[in-house]
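Residue-level structural notes
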Amino acid sequence: MRMRDLGRTGIRVSPYCLGTMMFGQAGNPDPQDCARIVHRALDAGINFIDTADVYGPHGLSEEILGAALKGRRDDVVLATKFNGSMGEDPNRGGSSRRWVVTAVEDSLRRLGTDHIDLYQVHHPDPRTDVEETLSALTDLVRSGKVRAIGSSNLPASDIVEAQWVAERRGLQRFRTEQPTYSILNRGIEREVLPVCQRYGMGVLVWSPLSMGLLTGRYRKGGPEPRNARMHWVPRHMTDERKLAAVEELIPLADQAGLSLTHLAMAFAVAHPGVTSAIIGPRTPQQLEDLLAGAEVTLDDELLDRIDRVVAPGTDLGPLDVSHVPPAVEHAALRRRPVAERAAA
C-alpha cells in the first residue's frame, strides 16, 4: 500500500487502518483468530491500527491487540482512545486531567507497550475545558508516553477552538480527527474536512461501510438485520432513505465491475482530506475481502454518479451512535424559562 502523511506529524500510514472494535465479546471472542487478523493485515502492508479503551468491552480489545503485537510492535503506528465510561464511578471516563493520566497508564498496560503513537479523545466532553484536556495530553507527549494526540467526533467549531487554545497556551495541538464518513454520511465534507485540511490534520474515518449497509447484504424490502447492529444503530439500519440509496449504488458498482464494499471503501479514501479509512473485520474472511479491493480507484465519472445518488456534504440520516450536541439533545438548553417567555 502507498503510504500517506498523517497530517503534518511526519508519520506515514497506510490508507487502510485496522480497527479492532470487533475484537472481544462484541464481535470475535477468539484471541487467536484476532491475532491472525492483525498479522495478515500487517503482512498485507497495513501499518496503522486503531483501538479504544472501551472496546471489547472495558479494555479487552486492547489486551487482545497487545498480545497479538508481541514481536511486531515497532512495525505499527498504534492508536487508541479514551473518554468513554470505564465503570460505574462517574470519574472513570471523560476528558479531565484526573482521568487522562489514569486512562493512559491502563491502556499502556493492556497494550503491553511503553508508548502510544496516537492518543485520541473519543468523544466531545462539554463538561471539561479543552485547555484542561490539552494540558494533560501535552504532559503525556513530553513524558514520551504519547507521540501525537488527536480528537474524534468533534464538530468543526470544537476543532477550531482546540487549535486556538493550543496556540495561545503553548500546548500540544490535536494532530488528527476521527469522524464518521461514508457515501451515505457525507456531512463532514461541508466543514470538518476543510477545517482539518486548513490546520494540517490527518483524518482517519470510521464506518466507511456505513455499519454494513454498504456491503449490499441489507436490502430495501429485505429481512430486518438480526445482529448487534440492530442494538447499536436500529434507526440507521432501517432508514428508508439509506436503503433506497443502496439500491441505486448497487447497479453503479456492478457496471464498474466492483462489489459495493470495494466501491464504498474506494470512495472513502478518494477525498484529499482523508488520510486513512478504518476497516473493522470480525473474521479473517472479511479482512481478505477488504484487502482484495485495496488497490481500487474510482474515476471522476463514477464519483460524479455517486454524487447524484447522495449529494456532497449530505447526511441521509444520522448514525444512532453519533455525537449529539447538548443543545440538540436537551430541550432545556434551547428554551427560555416559561416565566421569562410569558413576561416577554
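Preceding this section is the structure that the text describes.
A short tour of the structure in this document, coming up.

Cut-offs and rules
- Each chain carries its own residue numbering, running from 1 in the direction its sequence is written.
- The predicted nature of this model means local features are confined to residues of pLDDT at least 70 and side-chain atom pairs, given and counted, to a pLDDT of 80 or more, with totals for whole chains, interfaces and linings taken over all residues.
- Processing note: side-chain calculations cover all non-hydrogen atoms of the structure and skip hydrogens and water entirely.
- Helix and strand definitions follow DSSP, with helices as H or I runs of at least four residues and strands as E runs of at least two, each counted in order from the N terminus.
- Each residue after the first adds 1.5 Å to the expected span of a helix.
- Summary of the burial criterion: residues with accessible area below 20% of their type's maximum are buried, those above 50% are exposed, and those between are partly exposed, where the area comes from a 1.4 Å probe applied to protein chains only.
- Residue contacts follow a heavy-atom distance rule, with two residues in contact if any of their heavy atoms lie within 4.5 Å.
- Nonpolar core, defined: a set of buried Ala, Val, Leu, Ile, Met, Phe, Trp, Tyr and Cys residues in which side-chain atoms within 4.5 Å join the residues together.
- Defined by distance alone, a disulfide is two cysteine sulfur atoms within 2.5 Å.
- All axes here are fitted lines through C-alpha atoms, helices being fitted over the stretch that makes contact, and every angle between N-to-C directions spans 0 to 180 degrees.
- By the definition adopted for this analysis, an angle is roughly parallel if under 35 degrees, roughly antiparallel if over 145, roughly perpendicular if from 65 to 115, and oblique otherwise.
- We call a crossing left-handed when the near helix sits turned anticlockwise from the far one by less than a right angle, and right-handed when that turn is clockwise.
- Under the grouping applied here, Gly and all other residues not named as nonpolar or charged are polar, the nonpolar ones being Ala, Val, Leu, Ile, Met, Phe, Trp, Tyr, Cys and Pro and the charged ones Asp, Glu, Lys and Arg.
- Here the arc refers to the directions that run from the helix axis out to each C-beta atom.

Moving on, we come to helix 4 (residues 97–111). Taking 1.5 Å as the rise per residue, helix 4 with 15 residues should run 21 Å; its terminal C-alpha atoms sit 21 Å apart, in good agreement. Taken together, the buried positions of helix 4 are occupied by Trp-99, Val-100, Ala-103, Val-104, Asp-106, Ser-107, Leu-108, Arg-110 and Leu-111. The elements touched by buried residues of helix 4 are helix 3 (60–68), strand 5 (77–82), strand 6 (116–121), helix 5 (130–143) and strand 7 (146–152). One or two steps after helix 4, the chain reaches Gly-112, where phi turns positive at roughly 65°.

In most cases, non-glycine residues show a negative phi, while peptide bonds are predominantly trans. Geometrically, the link from Gly-56 to Pro-57 is a cis peptide bond, its omega value of 5° lying close to zero. Tracing the sequence through the fold places Pro-57 in helix 2 (residues 55–58). Positive phi is not limited to glycine here, since Asn-83 has a value of about 130°. Along the chain, the position of Asn-83 falls in the loop between strand 5 and helix 4. Residue Met-211 is not a glycine yet carries a positive backbone phi of 55°.

The next subject is the nonpolar core. In this structure, Tyr-119 and Leu-298 are the most contacted members of the largest nonpolar core, which totals 105 residues. With near-sequence residues (within four places) excluded, Tyr-119 lies in contact with Thr-80, Lys-81, Phe-82, Val-100, Ala-103, Val-104, Leu-137, Leu-140, Val-146, Ala-148, Ile-149 and Gly-150.

Take the state of the cysteines next. Put plainly, two cysteines are in a disulfide when a covalent bond ties their sulfur atoms together. A complete count under the given rule lists zero disulfides for this structure. This cysteine, Cys-34, is not joined by any disulfide, and Cys-17 carries the nearest cysteine sulfur, 16 Å off. Here Cys-34 falls in the buried class, since its relative accessible area comes to 0%. With no disulfide of its own, Cys-196 lies 16 Å from the sulfur of Cys-17, the closest cysteine sulfur.

At a minimum axis separation of 10 Å, helix 10 (residues 240–255) and helix 13 (residues 300–309) run at an interaxial angle of 165°. What the angle tells us is that helix 10 and helix 13 run roughly antiparallel. Relative to helix 13, the crossing made by helix 10 is right-handed. Contacts from Ala-245, Glu-248, Leu-249, Leu-252 and Gln-255 of helix 10 reach helix 13 at Leu-302, Arg-305, Ile-306 and Val-309. Broken down by class, the residue content of the contact of helix 10 with helix 13 amounts to six nonpolar, one polar and two charged.

With that settled, consider helix 12 (residues 284–292). Among all positions in helix 12, only Leu-287, Leu-290 and Leu-291 are buried. One face of helix 12 carries all of its buried residues, which in axial projection span an arc of 100°. Among the exposed residues of helix 12, those oriented more than 90 degrees off its buried face are Gln-285 and Ala-292. Buried-residue contacts for helix 12 involve strand 3 (16–19), helix 1 (31–43), helix 11 (260–268) and strand 10 (276–279).

Note that every value here comes from positions in space, so none of it alone points to a role or purpose.
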